[in-house]
Amino acid sequence: MSPMDSRPALAPGVRLQIDKITGEPVLLYPEGIMALNSTAHEIVARCDGAATVEAIATALAAEYEISRDALDGDILECLEDLRNRRLIVFAT
Amino acid sequence: MNHRPYALLAELTYRCPLHCPYCSNPTRHPAGAELTTEEWQRAIREASALGVLQAGFSGGEPLLRADLASLVSEARESGMYTNLITSGIGLDKRRAAELRDAGLDSAQISFQADEPTLADNIAGARTHQRKLEAARIVREQGIALSVNVVLHRANLSRLREIIAFAAALGTKHLELANTQYYGWGFLNRAHLTPTRAQVEDARQIASEEKQRHAGRMDIFYVLPDYYEQRPKPCMQGWGRRYLTVNPTGEVLPCPTASSISGMRFDSVREKSLAWIWHESESFNRFRGTAWMPEPCRTCPQHEIDFGGCRCQAALLTGNPAATDPVCALSPDRKSIDAFLASIPGNDSDLPPWQPRENPTAK
């Protein structure tokens, strides 16, 4: 299966929240807090376990009028990083 | 620099059904009644307004508070991440469902060992079997489960078995915390401190097992700091990221700070959390680096370890402003070396430990 067909979701016990002091998005989990940049936020907000990476990329490309060439790589890299930190899981 | 707190540890009660000799709760309990539900709810709202993003509910055993779910719900409604730090005793299906419905994000259950006889012996109560049941219920209710095991001389040699046990519980996160010597743990340190050989074996095992479980279970290994050469970066610095509210409402820069004799801590009963965080003498006392003596003052490490732990300095030298004696550069390091040298080689020569006692009813 292509990684573009996988369906990312926040790992159990992980929550996306806006830090009300800074207005910035953060991921909260039992052992800590991770600040997200705006790109990561756009991606993570769409990780609902239903949308495929392909669908997330299509939505972001349309919303921000950017080419898929660079975008796909950025999304996969971001998700891989979050998966390594156990903040994202992939449903198939 | 203007600091803000990120995490609140709400120590709801010092009562606990377990009697673990390593407990870091104070051996002398503060006078006064436990905070009421309304007082806790106000403290939680004030913490959120200060920027706190995570609330840990701990104790003692927080499940002994019948109002726990309403406090979790208050934290959750303020947008905080909520974590229950529990022995698991009292966490039946009804209670777990109530907490899940209140918005509890995760639960950390402590175990004393992998095998029931040893575990119950350490806990001073027959609790191991009930903890297994609690862990199963937490998973069944869809609450993220993490497992904590405090390590010491009586269980460190079973580290590999303990890790296999945690993996079988289905947790994704295992915290293996070598005992830190505060409260009852400090009182019992001669009994709890592992031998150097045990520590070296354990270090090797922890590193191998981390690799082996990578991708399935994160293993977080808290080092036995008496055997280290540099102090731990305690609380990431005094009054920098964390605050603790104890059962009677005192606000502490770290959970064990009330052990520092001569220091006075303000209470949420009398002052706002914002005032205590920003203005109080206790929170400003060891903030930053200006308070540091030599060798910390000119040490390039001082922004990394913050001079170590103030409670440990106070316990071991009588002076909370001293360099943490764990540091090899501390003039007091010899007291730790002398203590380590005094540990008996044979278990049969160990003194009996003093089980943790509950606060007396007031």
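The preceding data block contains the structure.
First things first, this report covers the structure right here in the doc. Along every chain, residues carry numbers that run from 1 in the direction the sequence is written. Key to labels: chains lettered from A, ligands numbered from 1, both in the order written. pLDDT decides what is reported in this predicted model: residues at 70 or higher carry local features, side-chain atom pairs at 80 or more are listed and counted, and totals for whole chains, interfaces and linings draw on all residues regardless. Side-chain numbers here rest on the full set of heavy atoms in the structure, without hydrogens or water.

Topic: the sheet that holds strand β2 (residues 15–18) of chain A
Residues and elements named next belong to chain A.
Consideration 1: Any two strands with at least two DSSP-identified bridges between them are counted as paired. Helix numbers and strand numbers start at the N terminus; a helix is a DSSP run of H or I with at least 4 residues, a strand a run of E with at least 2. A sheet is described by the order of its strands in space; here three strands give the open sequence β2-β3-β4, paired in antiparallel fashion. The two strands at the open ends of the sheet, each matched to only one other strand, are β2 and β4 (32–35). The mean inter-strand angle of the sheet, taken between neighbouring strand axes irrespective of direction, is 30°.
Consideration 2: With four bridges joining them, strand β3 (residues 25–29) and β4 adopt antiparallel strand pairing. Bridging across to β4, L27 finds its partner in M34. Convention adopted: a line fitted to C-alpha atoms gives each axis, helices being fitted over their contacting stretch, and angles between N-to-C directions are expressed from 0 to 180 degrees.

Things to note about the layout of surface pockets
Residue and element names in this part refer to chain B.
Consideration 1: Empty space within the second largest pocket amounts to approximately 400 Å³.
Consideration 2: Site definitions follow a grid-based scheme: protein atoms alone, a 1 Å grid, a 1.4 Å probe that fits but cannot get out for cavities, and for pockets an open set with protein on both sides within 12 Å along at least five of seven lines, plus lining residues having an atom within 4 Å of a point. If you go around the second largest pocket, you meet 17 residues; those closest to its centre are P26, R28, S258, S259 and I260.
Consideration 3: Per element, the largest residue contribution to the lining of the second largest pocket is three residues, and it comes from helix α7 (residues 183–187). Grid points are joined across faces, edges and corners, and a volume is the space filled by probe spheres set on the points.

Some remarks on the pairing of strand β3 (residues 81–86) of chain B
Residue and element names in this part refer to chain B.
Consideration 1: Burial classification: accessible surface area is computed with a 1.4 Å probe over protein chains only, and a residue below 20% of its type maximum counts as buried, one above 50% as exposed, and the rest as partly exposed. In terms of burial, β3 is a largely internal element, five of the six residues being buried.
Consideration 2: Sheet topology note: the strand β2 (residues 54–58)/β3 ladder contains four bridges and is parallel. Bridge pairing in β3 links Q54 to Y81.
Consideration 3: A right-handed crossover is one whose linking path, passing over the helix from the first strand to the second, runs clockwise when the strands point away from the viewer. Taken together, β2, helix α2 (residues 68–77) and β3 form a β-α-β motif whose crossover is right-handed.
Consideration 4: Sheet topology note: the β3/strand β4 (residues 106–111) ladder contains four bridges and is parallel.

Brief notes about the packing of helix α2 (residues 53–64) of chain A against helix α3 (residues 68–84) of chain A
All names here are of chain A.
Consideration 1: Between α2 and α3, the shortest axis-to-axis distance is 10 Å and the interhelical angle comes to 130°. One element, α2, and the other, α3, form an angle in the oblique class. Pair α2 / α3 crosses with right-handed handedness. Across the interface between the two elements, V53, E54, I56, A57, T58, L60 and A61 from α2 touch R68, L71, D72, I75, L76 and L79 from α3. Any angle from 65 to 115 degrees is called roughly perpendicular, while one under 35 is roughly parallel, one over 145 is roughly antiparallel, and all others are oblique. Crossings are assigned a handedness: left-handed for a near helix turned anticlockwise from the far helix by less than a right angle, right-handed for a clockwise turn. By the convention used here, residues are in contact when the closest approach between their heavy atoms is within 4.5 Å.

Digging into the sheet that holds β4 of chain B
Residue and element names in this part refer to chain B.
Consideration 1: Read from one edge of the open sheet, nine strands run β7-β6-β5-β4-β3-β2-β1-β8-β9, paired in mixed fashion. Two strands bound the open sheet, and with one partner strand each, they are β7 (218–222) and β9 (251–252).
Consideration 2: Each of β1 (7–11), β2 and β8 (242–245) is contacted by helix α1 (residues 37–50), which is oriented at about 170° to β1, the strand it contacts most.
Consideration 3: With respect to the sheet, helix α6 (residues 159–169) is in contact with β4, β5 (144–151), β6 (173–178) and β7, its orientation differing from that of β5 by roughly 165°.

Remarks on empty space enclosed by the protein
All names here are of chain B.
Consideration 1: In this structure the tally under the stated criterion is three cavities of 30 Å³ or more.
Consideration 2: As a volume, the largest cavity reaches approximately 90 Å³.
Consideration 3: Around the largest cavity sit 13 residues that line it, and C234, G237, W238, G308 and R310 are the ones nearest its centre.
Consideration 4: Amino acids are sorted into nonpolar (Ala, Val, Leu, Ile, Met, Phe, Trp, Tyr, Cys and Pro), charged (Asp, Glu, Lys and Arg) and polar (every other residue, Gly among them). For the lining of the largest cavity, the class distribution of residues is 10 nonpolar, two polar and one charged.
Consideration 5: Here the second largest cavity defines a volume of roughly 70 Å³.
Consideration 6: What lines the second largest cavity is simply R230, P231, P295, C296, C299, Q301, H302, D305, G307, T323, C327 and L329.

Looking at the packing of aromatic side chains
Residues and elements named next belong to chain B.
Consideration 1: Aromatic rings from Phe, Tyr and Trp, with only the six-membered ring used for Trp, were paired whenever their centres fell within 6.5 Å, and each pair was classed as stacked if the ring planes differed by under 30 degrees, edge-to-face if by over 60, and tilted otherwise. Under the criterion given, the structure shown has six aromatic pairs over all chains.
Consideration 2: Centre to centre, the rings of W238 and F286 are 5.1 Å apart; their planes meet at 85°, and the pair counts as edge-to-face. Of this pair, W238 sits in the loop between β7 and β8 while F286 sits in the loop between α11 (281–285) and α12 (302–305); the two residues are 48 residues apart in sequence, bridging distant segments of the chain.
Consideration 3: You can call W238 buried: its relative accessible area is 10%.
Consideration 4: Taking the relative accessible area as the measure of exposure, F286 reaches 3% and is therefore buried.
Consideration 5: Ring geometry for W277 against F283: centres 5.4 Å apart, planes inclined by 50°, an arrangement best described as tilted. Each member of the pair, W277 as well as F283, carries the same accessibility label: buried.
Consideration 6: Joined through ring pairs, the aromatic side chains of Y181, Y226 and F339 make up one cluster.
Consideration 7: The ring of F339 carries R189 above its face, with NZ or CZ at 4.0 Å from the centroid.
Consideration 8: Any Lys NZ or Arg CZ found within 6 Å of a ring centre and within 35 degrees of that ring's normal is scored as a charge over the ring. The side chain of R310 reaches across the aromatic face of F286, ending 5.9 Å from its centre.

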